[in-house]
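# Observations on the three-dimensional arrangement
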Amino acid sequence: MNKISFNALKHAYRLRHRNLKRVQERLPTGYRIGPRGRIDYLRNSVTNLFREERVEGTWDYLDETRGYAELILQQSIKNGYDHEVTKEMVDYWIVEKDIIPKLFEVLVPRFEDYDTAYTKLYTLPYVYPGGPKRMGLLELKGNF
């Protein structure tokens, strides 16, 4: 099976270790804590980004979500849905399967001619009173 090389991406994305806090996600069976909960949170963020084309949240998670969204878009543009590795990656990262046609019929044609990144990450101002969390807004370019 072909593996995706991060060095072969159209836009280089610097992967770095993240010390993110534990994610607690409410499930029907209780809370999911740890690495699996973190991956589920990122999968939901990627799905929401492709559905709404704009997502708000903590800056650290949005920065990591941005990397996965860029990777999905790059591989989708390069290989299409018929490529086996791309199909597996899209099926894994997009939780709601009704968004997959939107990805290939709307978003891929929009970004085919882009030479820059497909997403933009903004830092939102702090809201007082509140915690000192750095909040952000992640959106797909061309979102009107």
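The sections below set out a description of the structure shown in this document. Quick caveat, the model's predicted, so the values are computed rather than measured.

Turning to the environment of W93, a few remarks are in order. Structurally, W93 can be placed in helix 3 (residues 84–93). Sequence separation of W93 and L42 is 51 residues, and the distance between their C-alpha atoms is 8.4 Å. Those residues in contact with W93 that sit more than four places away from it in its chain are I39, L42, R43, V46, T47, Y68 and I72.

A side chain of one charge can pair with a side chain of the opposite charge if their charged atoms are brought near each other. All told, the structure shown has six salt bridges when counted by the stated rule. Between E64 and R38 there is a salt bridge, with its nearest N and O atoms 2.7 Å apart. With E64 in helix 2 (residues 59–79) and R38 in helix 1 (residues 35–52), this pair connects stretches of sequence that are 26 residues apart. What makes E64 buried here is its relative accessible area of 10%. Using a relative accessible area of 22% as the deciding quantity, one classes R38 as partly exposed. Residues E53 and R110 are paired through a salt bridge, measuring 3.0 Å at the closest nitrogen-oxygen approach. Of this pair, E53 sits in the loop between helix 1 and strand 3 (54–58) while R110 is found in helix 4 (residues 100–111), placing the two residues 57 residues apart along the sequence.

Scoring rules and cut-offs
Residue positions within a chain follow its written sequence, with the count starting from 1. Given that this is a predicted model, residues contribute local features only at a pLDDT of at least 70 and side-chain atom pairs are listed and counted only at 80 or more, while totals for whole chains, interfaces and linings are drawn from all residues. To obtain the side-chain values, all non-hydrogen atoms of the structure were used and water was disregarded. Helix and strand assignments come from DSSP, with helices taken as H or I runs of at least 4 residues and strands as E runs of at least 2, each series counted from the N terminus. In what follows, residue pairs with any heavy atoms lying within 4.5 Å of each other are defined as contacts. Only one rule defines a salt bridge in this text: a Lys or Arg side-chain nitrogen within 4 Å of an Asp or Glu carboxyl oxygen. Relative accessibility decides the category of a residue: with a 1.4 Å probe and only protein chains considered, values under 20% of the type maximum give buried, values over 50% give exposed, and everything between is partly exposed.

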